[in-house]
Amino acid sequence: DGGITQSPKYLFRKEGQNVTLSCEQNLNHDAMYWYRQDPGQGLRLIYYSQIVNDFQKGDIAEGYSVSREKKESFPLTVTSAQKNPTAFYLCASSMGRNTGELFFGEGSRLTVL
Amino acid sequence: DQQVKQNSPSLSVQEGRISILNCDYTNSMFDYFLWYKKYPAEGPTFLISISSIKDKNEDGRFTVFLNKSAKHLSLHIVPSQPGDSAVYFCAASAGGTSYGKLTFGQGTILTVHP
């Protein structure tokens, strides 16, 4: 089945540690995105990539990094510079030029201890 | 600055009745609007969308209305079913090179009682 796979589903991290969240899609979509959800808030865009080897900062990129070496993969690294990393992280993808319909993965919940 | 707002954190409706979820936006560059449904610990799933050139779009039990002059959109679910209980997010896009860069509202928790 085509879809987006995020791993791990749950992750615990000590303060000061970097952690990488995986996102893989087999939908042959050009664009991929990372969003963050906090309680009582909407989803906020962290980074997005429209093509391989290119990515752009979203609204809350500070403390995060990404790479896009393959079309299928868009991993997100939460660095120790991120002040409030505990959140629910969602990866999404879309066909290249569309009006915004995104397909989301099931999410990864990161908790900093 | 919250460009997309859902002012009702929650809505409770009886099964079979109409559910109306509201959303307001401030950015006049938004030209495409979407509604997503989300269950706990899952990713959102696309429900319905509307382009700014239309004022209504229907898909089965779901209808989205857009009032551009008021910068307001609403999602109507008729009839509501218990399985519709979820968090509903409205989202907006400015299109062009901003495709996929959705701005989301805070969400409204819909509870449909049997």
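If you're wondering where the values come from, they're calculated on a predicted model, not measured in any experiment.

A. Region of interest: the packing of aromatic side chains. All told, the structure shown has twelve aromatic pairs over all chains when counted by the stated rule. Between Tyr47(A) and Phe55(A), the aromatic rings sit 6.0 Å apart at their centres with planes inclined by 80°, giving edge-to-face as the arrangement. Residue classification places Phe55(A) among the partly exposed positions, given a relative accessible area of 36%. Each member of the aromatic cluster is reached from another via a ring pair, and the members are Tyr35(A), Phe104(A), Tyr36(B), Phe46(B), Phe89(B) and Phe104(B).

B. Layout of the sheet that holds strand β8 (residues 76-78) of chain A. Residues and elements named next belong to chain A. Ordered in space as β1-β3-β8-β7, the four strands form an open sheet in which the pairing is antiparallel. In the strand order of this sheet, the two ends are held by β1 (4-7) and β7 (64-66), each with one partner. Averaged over all neighbouring strand pairs, the angle between strand axes comes to 20°, with direction disregarded. Both β7 and β8 contribute to a ladder of three bridges, which runs antiparallel. Bridge assignment links Val66 to a residue of β8, and that residue is Leu76.

C. How the structure looks around the interface of chain B and chain A. Counting from both sides, the interface comprises 19 residues of chain B and, opposite them, 23 residues of chain A. Both faces considered, chain B and chain A share a buried interface measuring about 1900 Å² in area, 58% of it formed by carbon and sulfur atoms. The interface formed by chain B and chain A contains zero salt bridges. Between the two partners, chain B and chain A, sit three residue pairs in polar contact (both at pLDDT 80 or more). For the side of chain B that touches chain A, the secondary structure elements donating two or more residues are β4 (32-38) and β9 (86-93) of chain B. Residue contributions to the side of chain B that touches chain A peak at four residues, all from β4(B). Class assignment of the residues belonging to the side of chain B that touches chain A gives a composition of ten nonpolar, six polar and three charged.

Rules of the game
- Residues numbered from 1 in each chain as written.
- Chains lettered and ligands numbered in written order.
- Predicted model: local features only at pLDDT ≥ 70, side-chain atom pairs only at ≥ 80, totals over all residues.
- Heavy atoms only, no water.
- Phe/Tyr/Trp six-rings, centres within 6.5 Å; stacked < 30°, edge-to-face > 60°.
- Buried < 20%, exposed > 50% of the residue type's maximum accessible area, 1.4 Å probe, protein only.
- Pairing = 2+ DSSP bridges.
- Helix = DSSP H or I, 4+ residues; strand = E, 2+ residues; numbered from the N terminus.
- Axes fitted to C-alpha atoms, helices over the stretch in contact; angles between N-to-C directions.
- Contact = heavy atoms within 4.5 Å.
- Buried area = accessible area lost by both parts, 1.4 Å probe.
- Salt bridge = Lys/Arg side-chain N within 4 Å of Asp/Glu carboxyl O.
- Polar contact = N/O pair within 3.5 Å; in protein donor to acceptor, adjacent residues only side chain to side chain.
- Nonpolar A, V, L, I, M, F, W, Y, C, P; charged D, E, K, R; others polar.

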